[in-house]
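# Understanding the architecture of this molecule
Each chain is listed here by its residues.
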Amino acid sequence: RDYKVTGVQTCALPIYAAQDAAVEPRLAARDSVKGTIESWQAVILVGLIGFLYRGILWKLAYQWWSDPNFSHGVFVPLFSAFVVWRNRKNLAQIPLRQSWSGLPVVIIALTTLIVGVLGAELFLSRSSLILLIAGLIIYFGGWKLFCALLFPWLFLFLIDRKSTRLNSSHLVIS
């Protein structure tokens, strides 16, 4: 019988069986700790994003609830999540390859957030969250994953479709 330690083929002598039995629980424990650390990192990242966008999301939810012109907005992220869920088997087969090119997208999204908040521009600040999602997908999952998620990601821009129209009251005619 052959024994494996961390995926490497080892000697088939029974003397190594005791050593292998001692190594396996440590490997399982290490993988469990690694998974726990990655889970906490994801929770912290989502918490930071929630903290940054709390005011924007609160105002957006209020607008969805109080303005009939924006009531469709509740269904936009739900529909995008449904599309992702329906394609979960295909998405699981895509190899995750971290891409550093997602980092500039994240920086652009955070800059857009700052400009939108300081300029009191709702569309910019809301769109920055969608750009941030794109940057994080590219950074952690790579371009293949982002291309597979392109439709549900683009659909998220319908959250604020009324703000994308040019409002004549905002024009300054000189």
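In case you missed it, the structure is sitting above this.
Residues numbered from 1 in each chain as written. Predicted model: local features only at pLDDT ≥ 70, side-chain atom pairs only at ≥ 80, totals over all residues. Heavy atoms only, no water.

### Structural notes on the overall build of the protein chain
Definition in use: Only DSSP runs of H or I reaching four residues or more are called helices, and only runs of E reaching two or more are called strands; each is numbered from the N terminus. Note on exposure labels: buried denotes an accessible area under 20% of the residue type's maximum, exposed denotes more than 50%, and partly exposed covers the range between, all computed with a 1.4 Å probe on protein chains only. Throughout, a residue-residue contact means that at least one pair of heavy atoms, one from each residue, lies within 4.5 Å. Accessible surface area values rest on a Shrake-Rupley calculation with a 1.4 Å probe, where residue burial reflects the displayed protein chains alone.
Counting secondary structure elements, the protein chain contains 8 helices and 2 strands. In the protein chain, the succession of helices and strands from N to C terminus is β-β-α-α-α-α-α-α-α-α. Within the protein chain, buried positions represent 28% of all 174 residues. Taking contacts inside the protein chain between residues at least 6 apart in sequence as the whole, the part at least 24 apart equals 65%. Accessible surface, the protein chain as shown: approximately 12,400 Å² in total, 69% of it carbon and sulfur.

### A word on the nonpolar core
Let me state the cut-off plainly: Buried Ala, Val, Leu, Ile, Met, Phe, Trp, Tyr and Cys residues form a nonpolar core when they are joined through side-chain atoms within 4.5 Å.
Core analysis: the largest hydrophobic core is formed by 16 residues, its most contacted members being Leu-145, Phe-146 and Ile-159. Put simply, the parts of the chain that give this core at least two residues each are helix H2 (54-66), helix H6 (122-141) and helix H7 (143-148). In terms of residue count, the dominant contributor to this core is H6 (4 residues). Here Phe-146 is in contact with Ala-134, Ile-137, Ile-138 and Trp-153, once residues within four sequence places are set aside.

### Let's talk about the packing of aromatic side chains
Aromatic rings considered in pairs are described by the distance between their centres and by the relative angle of their planes. To be explicit about the condition: Aromatic pairing here means that ring centres of Phe, Tyr or Trp (its six-membered ring) are within 6.5 Å. Orientation follows from the plane angle: under 30 degrees is stacked, over 60 is edge-to-face, and everything else is tilted.
Using the criterion set out here, one finds 9 aromatic pairs in the structure. Arranged with centres 4.7 Å apart and planes meeting at 55 degrees, the rings of Phe-79 and Phe-155 form a pair that is tilted. In this pair, Phe-79 sits in helix H3 (residues 75-86) while Phe-155 sits in helix H8 (residues 150-155), placing the two residues 76 residues apart along the sequence. In this structure Phe-79 comes out as partly exposed when scored by relative accessible area, which is 33%. Residues Tyr-139 and Phe-140 carry aromatic rings whose centres are separated by 4.9 Å and whose planes lie at 85 degrees to one another, so their mutual orientation is edge-to-face.

### Things to note about a nonpolar patch on the surface
Here is the rule: Put simply, a patch holds well-exposed residues, over 30% relative accessible area, that have no salt bridge, with like charges counted together within 9 Å and Val, Leu, Ile, Met, Phe, Trp or Tyr side chains within 5 Å. Salt bridge, as applied in this entry: a Lys or Arg side-chain nitrogen positioned within 4 Å of an Asp or Glu carboxyl oxygen.
There is a patch of nonpolar side chains on the surface, built from Trp-40, Val-43, Ile-44 and Leu-48 and spanning about 450 Å² of accessible area. Here Trp-40 lies in helix H1 (residues 17-52). Relative accessible area serves as the criterion here: at 56%, Trp-40 is assigned to the exposed category.

### Quick look at the side chain of Thr-112
The test is simple: Polar contact is defined as a pair of N or O atoms within 3.5 Å, subject to the rule that within protein one atom must be able to donate a hydrogen and the other to accept it, and that residues adjacent in sequence are counted only when both atoms are side-chain atoms.
Looking at the element boundaries, Thr-112 is found in helix H5 (residues 102-118). Within the structure, the side chain of Thr-112 is placed 2.7 Å from the backbone oxygen of Ile-108, a separation counted as a polar contact. Dropping the residues within four chain positions of it, Thr-112 is found in contact with Leu-124, Ser-128 and Leu-131.

### Points about H5
Let me state the cut-off plainly: A helix's residues, less one, multiplied by 1.5 Å, set its expected span. Taken from the helix axis, the directions to the C-beta atoms give the arc we talk about.
Helix length check: H5, at 17 residues, gives a terminal C-alpha distance of 24 Å against a target of 24 Å (1.5 Å per residue), a fit within 8%. Every buried residue of H5 is accounted for by Gly-102, Val-106, Ala-109, Thr-112, Leu-113 and Gly-116. Down the axis of H5, the buried side of the element spans an arc of 120 degrees, and every buried residue falls inside it. In H5, those exposed residues whose orientation departs by more than 90 degrees from the buried face are Ile-107, Ile-114 and Leu-118.

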